Structure formats: C-alpha cells, structure tokens
Amino acid sequence: MTEKFDVVIIGAGAAGLMCAAEAGKRGRKVLVVDHAKKPGRKILISGGGRCNFTNYDVAANNYVCRNPHFVKSALSQYTQWDFIAMVAKHGIAFEEREHGQLFCEESAKDIVSMLLAECDLPTVQQRYQADVHSIEQTESGFQLQINTDTVTCESLVVATGGLSMPKLGATPFGYQIAEQFGLKRVPTTAGLVPFTLHTADKDALSDLSGIAIPVVMEAENGTTFKENLLFTHRGLSGPVVLQISSYWTPGQAVTIDLLPDLDLAETLNAMRDKHPNQSVKNSLSRLLPKRLIEALMARGDVEDRPLKQLNPKDITAMATYFHQWRIAPNGTEGYRTAEVTLGGVDTDELSSKTLEAKKVKGLYFAGEVMDVSGWLGGYNFQWAWSSGFVVGQHA
Ligand code: FDA
C-alpha cells in the first residue's frame, strides 16, 4: 500500500521539526522521518545541555556561506524575535549570556518539547528509526521507500543536517540526495572546531592544558574574534579558536594578540623605569599566566633578563611577539568534535526566498545541510529555525 503525504521531511532535528510544525499549521499532511530513535538529539546536547537557541543580534555577517547575501531572506522572514516569542509563549525561562547569546535557564529538553508540542497537530506524523532506502521523482512529486513502506509526496524536504558528531546520527545522506538530483555541493569541512598542533608546538604547549586567556585571534583573511583561548592537551580550543576555525584553511597560520587590552611596549617601559632589576619573566608573569611565559621561554622565544638590559628595539620586538603571536595549526579535531559542517549543498542551486531547488520542483533544503554555517553563539540554531520556517511556508 502506498501512503500519500503532501510533505515528507527527512530529518527530525532543529530545522526539520520547525518545518513540520509550520507546514502542518498550513494544513499540509506532513510526515517527518528520522533514522534516529528520538528527535532533536543535537538540540539536547547543545550549549552544555542548555541550548544556546538564538542570539539577540543576528545578521548575515554572522554566517559563512559562499554567497554572503543568501541567508538574508530567510533570516528576515523568521527572525530571532519570532523564535524568542515562541519560547516565551511556551513559558520557557531563558537567560542572556555574553555577546547576546540566549540559553534555556533549565534544560535544552525544553526546546525539544516545545518543537514537539508545535508539531502536535492532526496533520503531522513522525516516524523514528526510519531508513529512507530510495527516492524517485514522479510526475506529481516524489516516491520514497522508507523501511518497508512506500510513501509519496508533493514536496520533499531534506533537513538531514551536517556531518559533525557522527555519534549523534549525522550522515552525508542530504548531500547524496542533492547529488542524485544533480545539485552541486560546496566541499565540506569541520567548523567551530578545536585546532590540533604540530608536534613541536604540542610538546611545548601541552603542559598549559586548562589555561584560558582572553585574546584577539586573526585568520589570514583578516577575520578577527576577541574571545577566550583555551590551551588543551591536544592543542588550542576555546570560543576564539572555534570561531576562527571557520575561517581557517589547512596550511595557514593564525595571529594571536595575547595581550589585547594593553600596549605591551608602553607597559614594559613603565615597568623598566620603576623596577629596573625585575626580570622579564616576573614582569610578564604579572600580565599573563606564569606557566605560559615559562613555556615560551623554554622554547627560546623569549629571553629572561633584568628589564634594565632591554633596549627600545628589544622592547618593540617583545611587544610585537606577544601582540602578534603566530602559530600554524596542524589541523582540526575534525567532525568528531566539530559543532558544525562548513560547506554543503550549494546555495546557488536554491531560491533564497523559498529554499526550493531551482531545477527540481518540490525539493527543498532546510538547516545545516546547505552551505550555511553560523558563528558560535546561537546562530546555527537561528538558521535552522529560519530556514525550517521558510520551507514550512512553501513546501
Ligand atoms: P540536525 O543535525 O539538528 O538534525 C538532522 C537530523 O537528521 C538528525 O535528527 C539526524 O538523525 C537526521 N538524519 C541524518 N541523516 C539521516 C538519514 N540518513 N535518514 C534519516 N534521518 C537522518 N548551535 C547553536 O546555535 N547553539 C548551540 O548551543 C549549539 N551547540 C552545539 C553543540 C554541539 C555539540 C553540536 C554538535 C552542535 C551545536 N550547535 C549549536 C549546532 C546545531 O546543533 C546545528 O547547527 C543544528 O542542529 C542544525 O540543525 P539541522 O536541523 O540542520 O540538523
């Protein structure tokens, strides 16, 4: 027996559930399927279990996409204020953290429960542990083989997410569907991900594991972020690294201002005038963690001597070193720990207004599966909500 739906959505994550609720509210008969046992697994673990569900300040420049204008339409059709209103309507308490990031006060579970409540409509069915074996285009839409069932639909929505965290059910299925229908893909890599280091740097810095300092980090394309840098036993992490990783390509270096809030040359001059016999090590250890200074000295980058021995050229060189500390990562930790996938279905293939494939009527994409990745800070969920909403209005 063939079951007929208006809309089939593959993927019951953030974008898929939002889309299901919206299409269902329009009276469309919707089936949302997921190969996982439960919906929204990434939502549940996000934001340390509190889900950073959006940000007070959302703009196109918070996203990495080959076409920087692509996100504008969807983000304006469904804004952060729309999502905040939904959260408030469901009585979910939330809090603002730095940089306008909004988190649940209690649990990310509240967001999943809210989306499921929004999907609780006679028009919406959900099926889990559902494997899509085949998809064929028909005259009136699509025919799918899902487990042992044959299902037809007018509109097919691909909301299968990216490749990060395969343990949570991530698969390349969305890209395979795009390929089946002749849609191009922007090469994918891990984004919002810690850096690993070359052996020499790793050996010199791994003892610093656990140290966090505020820095400004700059990628070779000039993009900068001011956030905390965290040394780990594997390499470099912390929000600044996750952010910059989306703008880094293998082989490139990053430049780090280890003392972004002061002028080191001026400070050293003042220290030298006041305490000429104080050592460079003790002086710098007042500004940065002592273990970091020791590690940089141990590998010969900084020489210890009394401040009075520093001439103006030495001071300039030292200031340049700390304000422009360069390090070339060996790579990233990859999809295993990445929060997002950079690249994906090429947005040139999609209408930015409806997210329908330009050359395949009825085929829509929502969420991270396409070449749209947000900064750390709730931007990725906002993209999932906005794109899911938009597709829900058209599919
Ligand atoms: P999502 O990954 O949510 O959903 C895709 C769904 O498709 C999954 O349910 C999956 O099982 C299903 N699927 C995949 N392949 C399938 C197949 N072959 N057949 C059937 N179903 C299939 N963002 C943010 O804004 N704030 C935050 O706090 C965080 N925190 C965070 C923490 C961690 C650890 C990670 C890994 C990621 C985040 N993110 C985040 C990113 C955010 O989770 C992500 O961008 C969104 O979940 C993307 O939503 P989607 O619906 O596109 O994919």
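Thresholds applied
- Position labels on residues start from 1 in each chain and follow its written sequence.
- With pLDDT at 70 or above as the cut-off, local features in this predicted model cover only qualifying residues; side-chain atom pairs require 80 or more to be listed or tallied, and sums for whole chains, interfaces and linings still use all residues.
- Only heavy atoms go into the side-chain values, all of them from the structure, while hydrogens and water stay out.
- Throughout, near means a residue has at least one heavy atom within 4 Å of the molecule or strand.
- For this analysis, a polar contact is any N or O atom pair within 3.5 Å, provided that within protein one partner can donate a hydrogen and the other can accept it, and provided that sequence-adjacent residues contribute only side-chain to side-chain pairs.
- Method for areas: the Shrake-Rupley scheme with a 1.4 Å probe, in which residue coverage is limited to the protein chains shown.
- In this text, helices come from DSSP runs of H or I with a minimum length of four residues, and strands from runs of E with a minimum of two, each type numbered from the N-terminal end.
- Each residue is assigned to one of three groups, with Ala, Val, Leu, Ile, Met, Phe, Trp, Tyr, Cys and Pro labelled nonpolar, Asp, Glu, Lys and Arg labelled charged, and all others, Gly among them, labelled polar.
- When accessible area is computed with a 1.4 Å probe and restricted to protein chains, residues below 20% of their type maximum are described as buried, those above 50% as exposed, and intermediate ones as partly exposed.
- It only takes one pair of heavy atoms within 4.5 Å for two residues to be counted as in contact.
- Classification of ring pairs rests on two measures: the distance between centres of Phe, Tyr or Trp rings, Trp counted by its six-membered ring, which must be within 6.5 Å, and the angle between planes, read as stacked under 30 degrees, edge-to-face over 60 and tilted in between.
- By the criterion adopted, a ring carries a charge over it if an Arg CZ or a Lys NZ lies within 6 Å of its centre and within 35 degrees of its normal.
- We treat two strands as partners when DSSP finds at least two bridges between them.
- UniProt positions are given in the numbering used here, feature names are shortened, and annotations may be inferred rather than shown by experiment.

Moving on, we get to the site of the ligand. Taken together, the neighbourhood of the ligand is formed by 30 residues, with Ala15, Asp34, Thr171, Glu368 and Phe381 sitting nearest. Within the contact set of the ligand, a nitrogen atom lies 2.9 Å away from a backbone nitrogen or oxygen of Asn52. For the ligand, whose free accessible area comes to 1000 Å², the fraction covered by protein is 93%. The biggest single contributor to the shell around the ligand is helix H13 (residues 379-394), with four residues. Split by residue class, the shell around the ligand holds 13 nonpolar, 13 polar and four charged.

Along the chain, Thr255 falls in strand E16 (residues 254-257). Classification of Thr255 by relative accessible area gives buried; the value is 16%. Those residues in contact with Thr255, other than ones at most four positions away along the chain, are Val216, Met217, Glu218, Gln324, Trp325 and Arg326.

One non-glycine residue, His99, adopts positive backbone phi at about 60°. The exposure class of His99 is partly exposed, given its relative accessible area of 47%. Backbone geometry places Leu355, a non-glycine residue, at a positive phi of 65°. Note that Leu355 resides in the loop between strand E19 (340-345) and strand E20 (363-365). Of the residues examined, Leu355 reaches a relative accessible area of 0% and is grouped as buried.

This part takes up the packing of aromatic side chains. Within this structure, the stated rule accounts for 16 aromatic pairs. An aromatic cluster is built from Tyr63, Phe70, Phe225, Tyr247, Trp375, Tyr379 and Trp383, whose rings are joined through pairwise contacts. Lys29 extends its terminal NZ or CZ atom over the ring of Phe5, reaching a point 4.7 Å from the ring centre. In this structure, Arg97 is placed above the aromatic ring of Phe103, and the distance from its NZ or CZ to the ring centre is 3.7 Å.

On to the sheet that holds strand E12 (residues 195-196). On the basis of which strands lie adjacent, the open sheet formed by seven strands has the order E17-E16-E13-E14-E15-E12-E18 and antiparallel pairing. Only two strands of the sheet have a single neighbouring strand rather than two, namely strand E17 (325-327) and strand E18 (331-332). Pairing geometry for strand E13 (residues 212-218) and E16, over three bridges, is antiparallel. Across the sheet, Val216 pairs through a bridge with Asp257, a residue of E16.

What follows concerns the UniProt feature "domain: RsdA/BaiN/AoA(So)-like Rossmann fold-like" (unreviewed entry) in the protein chain. According to UniProt, the feature "domain: RsdA/BaiN/AoA(So)-like Rossmann fold-like" (unreviewed entry) maps to residues 6-393 in the numbering used here. As annotated, residues 6-393 has a helix share of 31% and a strand share of 25%, and its two end C-alpha atoms lie 13 Å apart.

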